[in-house]
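Here's the letter readout for the chains.
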Amino acid sequence: MWKPPDRIKHETNTGSWPSQTKAAKSLLFSPLQTGNLSLAQRSWIPAMVPWRATLEGEVTDAVVEWYARFAMGKPGAIVIEATGIRDIASGPLLRIGHDKYIEGLKRVVDAVHTASQGQTKIYIQLIDFLSMRRRPAKDKYFERFLKITEAHKEALGLTREHDIRDALLALDDEALETILTQREFEAYQRGYRQRVTDTEFPHIAELPNILPDLFADAALRAKKAGFDGIELHYAHAYTMASFMSRINTRTDGYGGALENRARLPLKVYHAVRKAVGDDYVIGCRMLADECIEGGSDISDALYFALVFAKAGMDFLSFSRGGKFEDAARPAKGQAVYPYTGRSGYECMPHFISDKSGPFGRNISPTASLRAHLRAEGFDTPIVVAGGIHGFSQAEAILQNEQADIIGMARQTLADPDWFLKVKTGQGEKVRVCKYTNYCEGLDQKHKIVTCQLWDREQLDEDGVHKTPDGKRRMTAPI
Ligand SMILES: Cc1cc2nc3c(=O)[nH]c(=O)nc-3n(C[C@H](O)[C@H](O)[C@H](O)COP(=O)(O)O)c2cc1C
Ligand code: SF4
């Protein structure tokens, strides 16, 4: 993972933990009721992919156990992992692109409601992503994948396809860069990746006509499975965020100017709203800043947040970065991972950081976005996440009206009981996240995600489920 040049080591600071009485009086542990959104407390576990579904995208016992374990801590809400709206092969990631997935997802919903004794709302993050390939071996790329064009023939002065392929294979990267187009060179170096701007392909040109129904059908299935609401994934490296990006130059009314970039996200939202009804929770996760060169920044986010609030979204959850554009070159046979560049760092900041440190980098932009909405007369609840791990910090964010709901991803992976422990005056028992990103490293390798602080603990205890190699436990000890 990219690390800021300053490389300052930061230590977590939880501040003081509250007594049970103080916690009971806090904003964090008080209910929130705004529009359709009703939470028993203002805490939230943002989506985290744990790599536990089947290869067909079905819920497994491990998925159910994973979310039930989080629900035991009784947070206000859990957003379950990015779940694909299309029924297409995508590894062990959950899918909701067909009615056959409803039964399995219902098990997750029931497990969360039961384990939290009805205290925790469960939302599902709905995602669409475009196709991408792993970085190919050089011989495979030039022998099979590259489509030979007139430009290659001209550049090499050769006519027979076989000779051109052999000639390209013999060249070094410096020479290849002068002959291949930028996209061909990228496909060779990093693996082919489709973009929303590739409108020469009918299925990409047609996305604005296809996606609203795909999202709406998925949302209806989620409602049937019993989810309390929907989080539209409009953040990070995926299709919807790419439509919203400043680097989206589509000329069909869905790219370029801000209002054009907002058109598809709004169309999707309206289709989803029509499918699930006015009294159902629909919000989105979006970026306060893409954190890439030439990408969207807070000024774009201010516009999007306002149009989404006006359209009637029930919450807005802010993240930052997490883009393909600045991601590191993957190893051969691996896929490019959008959390390896500077933007990835901004999304999941590491304990080795710059002067600003990894704790709460997204608070100030989120506060500006919230203030903008309030000034325009919208009370849409705002979720903030990024390095938050202590009660004092969380409570100060709420007291200072910088956000309405506190999201903690890695801290709750480290200790799913954070909320329960802190609420009952046992904050000193919290297993505090070290922000080393061991979990994120597992995600990058598409391995079952666990936390280094607990995955080797009490491995021989009765009933402990382990990873297939038997080396790590699958859920946090109780
Ligand atoms: C293992 C892992 C998987 C993640 N998967 C998702 C995801 O599916 N959707 C999403 O919006 N964010 C995802 N994230 C990002 C988190 O939701 C969160 O925004 C980020 O970790 C920063 O918050 P934190 O500092 O509280 O961890 C993931 C993070 C981790 C560590
Ligand atoms: S592995 Fe555990 S301690 Fe390390 S960053 Fe992830 S959640 Fe935090």
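Residues numbered from 1 in each chain as written. Chains lettered and ligands numbered in written order. Predicted model: local features only at pLDDT ≥ 70, side-chain atom pairs only at ≥ 80, totals over all residues.

> Describe the overall build of the protein, with residues and values.
A tally of helices and strands in the protein yields 19 helices and 12 strands. Relative to its length of 478 residues, the protein is compact, with a C-alpha radius of gyration of 23 Å against a globular reference of 23 Å. Taken along the three principal axes of its C-alpha coordinates, the protein extends 80 × 55 × 50 Å. Taking as baseline every contact in the protein between residues at least 6 positions apart, the subset at least 24 positions apart corresponds to 71%. (Helix = DSSP H or I, 4+ residues; strand = E, 2+ residues; numbered from the N terminus. Rg over C-alpha atoms; globule rule 2.2 N^0.38 Å. Contact = placed C-beta atoms within 7 Å.)

> An account of the site of ligand 1 is requested, with residue identities and associated values reported.
Among the 24 residues in the neighbourhood of ligand 1, the closest are listed as Pro46, Ala47, Ala82, Ala409 and Arg410. Only strand S5 (77–84), helix H17 (410–414) and helix H19 (438–444) provide two or more residues apiece to the shell around ligand 1. Here the element with the most residues in the shell around ligand 1 is H19; it accounts for 3 residues. Class assignment of the residues belonging to the shell around ligand 1 gives a composition of 14 nonpolar, 5 polar and 5 charged. (Near = placed C-beta within 6 Å. Nonpolar A, V, L, I, M, F, W, Y, C, P; charged D, E, K, R; others polar.)

> Just give me the short version of the domain arrangement of the protein, but keep the residues and values in it.
As far as domains go, the protein holds domain 1 (8–129 + 197–444) and domain 2 (138–190). A separation of 40 Å is found between the C-alpha centroids of domain 1 and domain 2. (Domains from an automatic or database assignment.)

> Go over unusual backbone geometry, please, and point to the residues and values.
At glutamine 117, a residue that is not glycine, the phi angle is positive and equals roughly 50 degrees. If you check the backbone angles, glutamine 458 has positive phi at about 40 degrees while not being a glycine. By the secondary structure assignment, glutamine 458 is in the segment after H19.

> Can you break down helix H16 (residues 391–399) residue by residue, with the values?
Of the positions making up H16, those classed as buried are Phe391, Ala394, Glu395 and Ile397. For H16, the angular spread of the buried residues around the axis is 155 degrees, confining them to a single face. Taken together, the buried residues of H16 touch helix H15 (363–375), strand S11 (382–384), strand S12 (405–407) and helix H18 (418–423). The positive-phi residue at the C-terminal boundary of H16 is glutamate 401, with phi of around 55 degrees. (Buried ≥ 20, exposed ≤ 12 C-beta atoms within 10 Å, placed from the backbone. Arc of directions from axis to C-beta.)

> Can you break down the sheet that holds S11 residue by residue, with the values?
The strand order around the closed barrel built from 8 strands is S4-S5-S6-S7-S8-S9-S11-S12, with neighbouring strands paired in parallel fashion. The average undirected angle you get between the axes of adjacent strands in this sheet is 25 degrees. Here strand S6 (residues 121–127) runs beside strand S7 (residues 229–234); their pairing, made up of 4 bridges, is parallel. The partner of tyrosine 123 across the bridge, within S7, is glycine 229. In the packing of helix H10 (residues 207–225) onto the sheet, the strands contacted are S6 and S7, and the crossing angle to S6 comes to about 160 degrees. Together, strand S9 (315–319) and S11 form the strand contacts of H15, whose direction differs from that of S11 by roughly 175 degrees. (Pairing = 2+ DSSP bridges. Axes fitted to C-alpha atoms, helices over the stretch in contact; angles between N-to-C directions.)

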